[in-house]
Amino acid sequence: MVRVVFLIFGILFALTARAELAIEITGAGDNQTPISVVRFAGDELVSKNLAEVVANDLKRTGLFKLIDASGRVPHDASEVRYPEWLGVEMLLLGRINTDHGDELSVSFTLLDAVRRSELLHVTLSTNKTQMRALAHQIADRVYERLTGAPGVFSTRIAYVNRHQGSYRLVVADSDGYGEQDLLISKEPIMSPAWSPDGSKIAYVSFEQHRAMVFIQTLSTKQRVLLAGFSGSNSAPAWSPDGKQLALVLTRDDFSQLYLVNADGSNLRRITFSNAIDTEPTFAPDGQSLLFTSDRGGSPQIYRVAIDGGAAQRQTFESGQAFSPRFSPDGKAFVYSLYSGGIFSILVQDFESKQVQFLTTNGRDRKPSFSPNGRLVLFATETMGRGILATVSIDGKVKQKMVAQGGEIREPVWGPFVK
Amino acid sequence: MNKLILGMISATLLAACSSTAPKAPSAPAASSSTSAGGDVGASATAAQIKAAEDAAKLQAAADAQKDAQHSVDAAATQSDAARLANRTVYFPTNVDTLQDADKDVVMAHGTTLGKLPQAKVRVDGYADERGSSEFNLALGQRRAKSTKQALILSGAKDAQISTSSYGEEKPVATGHDEAAWAQNRRAEINYVVGQ
């Protein structure tokens, strides 16, 4: 085997809080619930507008229409004069209290302004430095109370930030704030994939001058090499039980799908095409995979059982289809379509085969579902620069998140963490 | 020509370190001094010594063939050198078969590898930015593989050639148009130090 001369490849592990992102939300869904999130009493104690964080979380789901409180400032149910809130269906009020030292508590109340009834009254406490996380918890509780589905505002996302020849693997809150670096390298990083319990991320690193798959534990930053066979090792995807991964190797042939246990044992090949098979992703029941293949000529999405066998073509749009992802309920999948010089994000229902364009923006790639299936995260570009964006599953509400430096690539939404 | 090979090998050693080798110039002379990468740090010294030693061995091997080279006329030598100075081949969109325009270049490297059995190369494949990063990685791998096959057909041995891919990473042109994409759909032949 040829030994390539390695020099320092500048791998640094770091845990650095980063500057915040600018967020822009556009569009509006049908049947949005009008809600007013009133500025919380005592937010001067935390130098953060908690109500604004909660309101932005709710707004980007596309389910709510945010109504400005226009100077009305009730902080609990007794201070509300309902006739003032015509046109508002839901009211969220809150009060921040200092407990001791850096400990704070927030009491919040969700009111049905039409029925004049209390839907939720909760007190949460936390350290002063965790106020943003607390705001996301409040948004999660409100969202769940009003939709019946769990909120994803406390979940995290991962992506790669490329900036002046340096690559960072970043973990951040679902709204793009609170960035932390998991890996910094002078060589490319690709395809981060969350373990189902959210404790680890598998990814592709070129630090040894070719693609190899590593698994890194978030809490300890420890990592292991999962696949470093000759050629390229890439596209890791976790099984829903976290016991094995699908990945793509070129060691025997062109890029083909393999399964391997999470400890690196029991490697076996599952596709045998004379074409490129890549980007595997597990169905929620763990019994099948979607993947990208050009076995039919141009890249399209196929489905194969995990014990191998014949693959079934899924996509038939004109153009090239890439990067499939199952919805959390397994009933649909998203993918990226390249057609007429434009990259769009599409969602396709397995049963009806119905296809819907979620975006038609031009450079939208690498979609992944929020763990509740209501939003899709993807990579896009604004003024030639790679950024993060989300779109609601009805395609109506879009959110762009612009980092202060660098290009954002390869985003992936993490799981619910118990 | 021997000196050229030595120069190229030194250059590609450095290039392999940084993996950002600039496109080989089309002029035959002095392709050697331009490719030091930005991330070559202090620990390069040991590797560079090793590289120099290995390159010296290659030079000695090449010297052994000197007499044979004498019969080659000056024009042909010039032309071979030009082909060897070029280490990059290009591909149309979504295509991984070697193009006619690049066959002389690959043949020159394949022939050289056949004459220098201790020399080794790494072929890195690349793709333009269209497609997904993973599909492009696979496409680059396929381009590297077809380049390897052509090198073998020209006299190189399988064991002398490893293949890898960067896909759409490390573009040589950063634009978002066909002019840039055409430069990025490529495979690069990089000489490395064999064990």
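Note that the structure is predicted; figures quoted are calculated from it, not measured. (Residues numbered from 1 in each chain as written. Chains lettered and ligands numbered in written order. Predicted model: local features only at pLDDT ≥ 70, side-chain atom pairs only at ≥ 80, totals over all residues. Heavy atoms only, no water.)

1. Observations regarding the overall build of chain A
Okay, so step 1: A count of helices and strands for chain A gives two helices and 30 strands.
Okay, so step 2: A globule of 418 residues ought to have a C-alpha radius of gyration of about 22 Å, and chain A, at 23 Å, matches this closely.
Okay, so step 3: Summarising its shape, the C-alpha atoms of chain A cover approximately 75 × 50 × 40 Å along the three principal directions.
Okay, so step 4: A buried classification covers 59% of the 418 residues belonging to chain A.
Okay, so step 5: At a minimum sequence separation of 6, the contacts of chain A that also span at least 24 residues come to 44%.
Okay, so step 6: Total accessible area on chain A stands at roughly 16800 Å², and carbon and sulfur atoms take up 47% of it.
Okay, so step 7: Between the mean site of the 44 positive side-chain charges and the mean site of the 44 negative ones, chain A shows a separation of 3 Å. (Helix = DSSP H or I, 4+ residues; strand = E, 2+ residues; numbered from the N terminus. Rg over C-alpha atoms; globule rule 2.2 N^0.38 Å. Buried < 20%, exposed > 50% of the residue type's maximum accessible area, 1.4 Å probe, protein only. Contact = heavy atoms within 4.5 Å. Areas by Shrake-Rupley, 256 points an atom, 1.4 Å probe, with all protein chains shown as cover. Lys, Arg positive; Asp, Glu negative; His and termini not counted. Charge placed at Lys NZ, Arg CZ, Asp CG, Glu CD.)

2. Considerations on the overall build of chain B
Okay, so step 1: If you tally the helices and strands in chain B, you get seven helices and four strands.
Okay, so step 2: Counted from the first residue to the last, chain B has its helices and strands arranged as α-α-α-α-β-α-β-α-β-α-β.
Okay, so step 3: Burial status across chain B gives 53% buried among its 195 residues.
Okay, so step 4: Put simply, of all contacts in chain B between residues at least 6 apart along the chain, 76% involve residues at least 24 apart.
Okay, so step 5: Total accessible area on chain B stands at roughly 8000 Å², and carbon and sulfur atoms take up 58% of it.

3. A closer look at the sheet that holds strand β4 (residues 186–192) of chain B
All names here are of chain B.
Okay, so step 1: Taken in spatial order, the four strands line up as β1-β4-β2-β3 in an open sheet, and their pairing is mixed. Strands at the two margins of the open sheet, each flanked by one partner only, are β1 (88–90) and β3 (161–167). Each adjacent strand pair in this sheet contributes to an overall mean axis angle of 20°, direction not counted.
Okay, so step 2: In terms of strand pairing, strand β2 (residues 120–126) meets β3 through six bridges, oriented parallel. Paired with Asp124 across the two strands is Ser164, which belongs to β3. (Pairing = 2+ DSSP bridges. Axes fitted to C-alpha atoms, helices over the stretch in contact; angles between N-to-C directions.)

4. So, the pairing of strand β18 (residues 277–282) of chain A
All names here are of chain A.
Okay, so step 1: The buried fraction of β18 amounts to six of the six residues, a majority that puts the element mostly inside the structure.
Okay, so step 2: Where β18 meets strand β19 (residues 288–293), four bridges bridge the pair, whose relative direction is antiparallel. Within β19, the position partnered with Thr278 by the bridge is Thr292.
Okay, so step 3: Remark: five residues form the turn of the hairpin made by β18 and β19, two consecutive strands paired antiparallel; Gly286 in that turn has positive phi of roughly 75°.

5. Things to note about the packing of aromatic side chains
Okay, so step 1: This model, assessed by the stated rule, comprises eleven aromatic pairs over all chains.
Okay, so step 2: Look at A:Tyr203 and A:Phe214: their rings are 6.2 Å apart centre to centre, the planes differ by 25°, and that puts the pair in the stacked class. Placement of the pair is A:Tyr203 in strand β11 (residues 200–205) and A:Phe214 in strand β12 (residues 212–217), with a sequence separation of eleven residues.
Okay, so step 3: A relative accessible area of 5% places A:Phe214 in the buried class.
Okay, so step 4: Taken together, the ring pairs in this structure connect A:Phe322, A:Tyr338, A:Phe343 and B:Phe135 into an aromatic cluster.
Okay, so step 5: The ring of A:Trp85 has A:Arg72 lying over it, and the distance from NZ or CZ to the ring centre is 3.9 Å.
Okay, so step 6: Above the face of the A:Tyr177 ring, A:Arg132 is positioned so that its terminal group lies 3.7 Å from the ring centre. (Phe/Tyr/Trp six-rings, centres within 6.5 Å; stacked < 30°, edge-to-face > 60°. Lys NZ or Arg CZ within 6 Å of the ring centre and 35° of its normal.)

6. Focus: the environment of A:Val46
Okay, so step 1: Locating A:Val46 in the fold gives a position in the loop between β2 (33–37) and α1 (50–59).
Okay, so step 2: Separated by 58 residues in the primary sequence, A:Val46 and A:Leu104 place their C-alpha atoms 8.8 Å from one another.

7. Some points on the nonpolar core
The tendency in soluble globular proteins is for nonpolar side chains to be buried as a group.
Okay, so step 1: Counting 31 residues, the largest nonpolar core has A:Leu58 and A:Ile138 as its most contacted members.
Okay, so step 2: If you list the elements that add at least two residues to this core, you get β2, α1, β4 (90–98), β5 (103–112), β6 (117–127) and α2 (131–147) of chain A.
Okay, so step 3: Broken down by element, the residue count for this core peaks at seven residues, all from α2(A).
Okay, so step 4: Excluding anything up to four places from it in sequence, A:Leu58 contacts A:Ile35, A:Val37, A:Phe64, A:Ala139, A:Val142, A:Tyr143 and A:Phe153.
Okay, so step 5: Listed in part, the 20 residues of the second largest apolar core include B:Leu116, B:Ala187, B:Ile189 and B:Tyr191. (Core = buried A, V, L, I, M, F, W, Y, C linked by side-chain atoms within 4.5 Å.)

8. Concerning the side chain of A:Gln399
Okay, so step 1: In this fold, A:Gln399 is placed in strand β29 (residues 398–402).
Okay, so step 2: Within the local environment of A:Gln399, its side chain forms a polar contact with the side chain of A:Arg60, the two groups lying 3.4 Å apart. (Polar contact = N/O pair within 3.5 Å; in protein donor to acceptor, adjacent residues only side chain to side chain.)

9. Quick notes on unusual backbone geometry
Residue and element names in this part refer to chain A.
Okay, so step 1: The backbone phi angle of Glu279 is positive, close to 55°, even though this residue is not glycine.
Okay, so step 2: Phi at Ser323 is positive, roughly 55°, even though this residue is not glycine.
Okay, so step 3: Residue placement: Ser323 occurs in strand β22 (residues 320–326).
Okay, so step 4: Among the residues examined, Ser323 registers a relative accessible area of 6% and is labelled buried.

10. Quick word on empty space enclosed by the protein
All names here are of chain A.
Okay, so step 1: Using the criterion set out here, one finds five cavities of 30 Å³ or more in the structure.
Okay, so step 2: The computed volume of the largest cavity comes to approximately 210 Å³.
Okay, so step 3: Lining the largest cavity we find 19 residues, and of these Pro236, Glu279, Pro280, Arg325 and Lys366 sit closest to its centre.
Okay, so step 4: Looking at the lining of the largest cavity, the elements that each hand over two or more residues are β10 (189–194), β14 (233–238), β18, β22, β26 (365–369) and β30 (407–413).
Okay, so step 5: Within the lining of the largest cavity, the residues separate by chemical class into ten nonpolar, four polar and five charged. (1 Å grid on protein atoms, 1.4 Å probe; cavity = no way out; pocket = protein on both sides within 12 Å on 5 of 7 lines; lining within 4 Å. Points joined across faces, edges and corners; volume = space filled by probe spheres on them. Nonpolar A, V, L, I, M, F, W, Y, C, P; charged D, E, K, R; others polar.)

11. Section: the packing of helix α5 (residues 103–115) of chain B against helix α6 (residues 133–153) of chain B
All names here are of chain B.
Okay, so step 1: The interhelical angle for the contact between α5 and α6, taken along N-to-C directions, is 55°, at an axis separation of 7 Å. As the angle between them shows, α5 and α6 are arranged oblique. For the element pair α5 and α6, the recorded crossing hand is right-handed. Where α5 abuts α6, its residues Val106, His109, Gly110 and Leu113 lie against Thr147, Ala150 and Leu151.
Okay, so step 2: Of the residues in the contact of α5 with α6, the class split is four nonpolar, three polar and no charged. (Parallel < 35°, antiparallel > 145°, perpendicular 65-115°, else oblique. Left-handed = near helix turned anticlockwise from the far one by under 90°.)

12. Focus on α5(B)
Okay, so step 1: The end-to-end C-alpha separation of α5(B) is 18 Å, in line with the 18 Å expected for 13 residues at 1.5 Å each.
Okay, so step 2: Among the residues making up α5(B), those that are buried are B:Val105, B:Val106, B:Ala108, B:His109, B:Gly110, B:Thr112 and B:Leu113. (Expected span 1.5 Å × (residues − 1).)

Everything listed here is a matter of coordinates, which is why it stays silent on function.
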